[in-house]
Structures are given as structure tokens and as C-alpha cells.
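A closer look at the structure
Spelled out from the first residue to the last, the chains are:
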Amino acid sequence: MKRSEARAAVAAAYRGLGRRGLIVGSAGNVSLRTRKGMLITPSGGDPDRAGSADMVSVTLDGVVTSDGTPSSEWAMHAAIYHAKPAVGCVVHTHADACTALAALNQDLPAFHYMIASFGGNGVRCAPYATFGTSRLAHDAVEALAGRSACLLANHGMIVHGRGVEDTVARAVLLETLCRQYLLALSAGAPRILTSQEMADAHERFKTYGPRQRPTHPPG
Ligand SMILES: [Zn+2]
């Protein structure tokens, strides 16, 4: 992908997440791995107005190599790229349902078989740490072990994927599942699928049609 195409792709994903209500104001960021590090949305950005030129190039060690100031969460994105060589895109948002569940400091359990699409039998919630810190970056990477998503306690969520499109789709799916789980919780005690039922779901996904087949987390 050319540099201009990468910039356009990150900006389009940022705007798309804004249109869907998953990023409100500056409460979220998108990055894409590049040859020299990553392209990331700017600090204090606004998805409604973001254009290609607003995206910021930064190395995984934090050296800014373009105009602009990178998102304050650049270190969290960089830590994920360091830890997971196959990851190409990271999305972080404060989407409503994800953040509501994260405020309860709860994992998202296997109340639905689609949880398997994130690579395990549940989506972990990383413990609370101050935004923009290396502690948060470290805890997020731990919570993402073997998974392509995690919640961040009293903060929001992270998903990663290979490219922009699959990662944005994963963000939408995680928000949908968190909303459905909270709805179920408000009506009673959801039954959690057994480990055998989830093993069957993981197995089934391996042979399901390409549009439905989840891509298990790279890295
Ligand atoms: Zn955040």
C-alpha cells in the first residue's frame, strides 16, 4: 500500500467509526502498521473532520516523522505491534456498551458463540491504568494474549486485525456483543456457553463460509 493510500485508509476508518458512533469526539484512535512504524490518528482529533493529511507517522519507539502530534495512546498501539508481528491495524474506542461493561471491570464471557471470533472463550478486561501510560500499554498487551480484542477497565476497548476493514468490522462486532450482553444482564442471568459448546463453535468456524468465518487473532 502506498503512503497516500495508507493515510486515506486510516482517515476513512476514523471517520467511519465516528459515523457509527463508536468514536465520539477525540475518544478513540486508529493506527495502521507501516514499514517504518505506524500511521495513527492525531492527538485531540475529530473524526468528523479528519482528512488524510491529519494522520501522523510515528516510529514504534515514538519518534514522530511527519507533521502533527500522534494520539496520546500511541504507546499502546506500538506495544501491540511490538508484541504481535502479524497485526497490521489497531482500533481503540470508548464505544458506549464496551465502556459500560469495562466500567463494571468485567470480562465479556461466552454468552454468545460469536465470542469465538475474537480467538478465545471470552474477551478479557485489562485492569485500570492511567491513559497514555506504559502501564496501560503493558496491561492491554497481556489482556490481548491469544485474542484480537480486550476491554480496558473504566476506559474502553481495543481490537486489532490485519487491515483496516477487518479491524473496523471487529470493533463493530465487539460493541454489538457488549450491548447484547448488557441487555441480557438487565433481564436476568445469561447462560454462559460451556467450554465444549465453545470448542464446537471454534471448530465450526474453521469450515464455515468465508464471509462468516472469523479470522482468529494474528500474533
Ligand atoms: Zn482511550
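Please refer to the structure placed before this passage.
This report concerns the structure included in the present document. Small disclaimer: the values here were computed from a predicted structure and weren't measured.

Description of the pairing of strand β2 (residues 37–40)
Bridging between strand β1 (residues 28–34) and β2 involves four bridges; their strand directions are antiparallel. Residue pairing for β2: Leu32 is matched across the bridge by Leu39. Between β1 and β2, which pair antiparallel in sequence order, lie two residues. Relative to strand β3 (residues 56–58), β2 runs antiparallel, the two sharing three bridges. In the strand pairing of β3, Ile40 is matched with Val56.

Description of the pairing of strand β8 (residues 149–152)
Residues Ala149 and Leu151 of β8 are buried on one face, and the alternating residues Cys150 and Leu152, pointing to the opposite face, are buried as well. In terms of strand pairing, strand β7 (residues 125–126) meets β8 through two bridges, oriented parallel. Note on β8: the bridge partner recorded for Ala126 is Leu152. The parallel pair β7 and β8 is bridged by helix α4 (residues 134–143), and the resulting crossover is right-handed. As paired elements, β8 and strand β9 (residues 156–161) share four bridges and run antiparallel to each other. Considered in β9, the bridge of Cys150 is made with Ile158. Linking β8 back to β9 in an antiparallel pair, the connection comprises three residues, with Asn154 at a positive phi of about 50°.

Things to note about the packing of helix α1 (residues 3–19) against helix α5 (residues 164–187)
Viewed as axis vectors pointing N to C, α1 and α5 meet at an angle of 15°, and their least axial separation amounts to 10 Å. Relative to α5, the element α1 lies roughly parallel. The chirality of how α1 crosses α5 is right-handed. On α5, the residues touching Ala9, Val10, Ala13, Gly16 and Leu17 of α1 are Val164, Val168 and Ala171. Residue composition of the contact of α1 with α5, by class: seven nonpolar, one polar and no charged.

Conventions adopted
- Residues numbered from 1 in each chain as written.
- Predicted model: local features only at pLDDT ≥ 70, side-chain atom pairs only at ≥ 80, totals over all residues.
- Pairing = 2+ DSSP bridges.
- Helix = DSSP H or I, 4+ residues; strand = E, 2+ residues; numbered from the N terminus.
- Buried ≥ 20, exposed ≤ 12 C-beta atoms within 10 Å, placed from the backbone.
- Right-handed = clockwise from strand over helix to strand, strands pointing away.
- Axes fitted to C-alpha atoms, helices over the stretch in contact; angles between N-to-C directions.
- Parallel < 35°, antiparallel > 145°, perpendicular 65-115°, else oblique.
- Left-handed = near helix turned anticlockwise from the far one by under 90°.
- Contact = placed C-beta atoms within 7 Å.
- Nonpolar A, V, L, I, M, F, W, Y, C, P; charged D, E, K, R; others polar.

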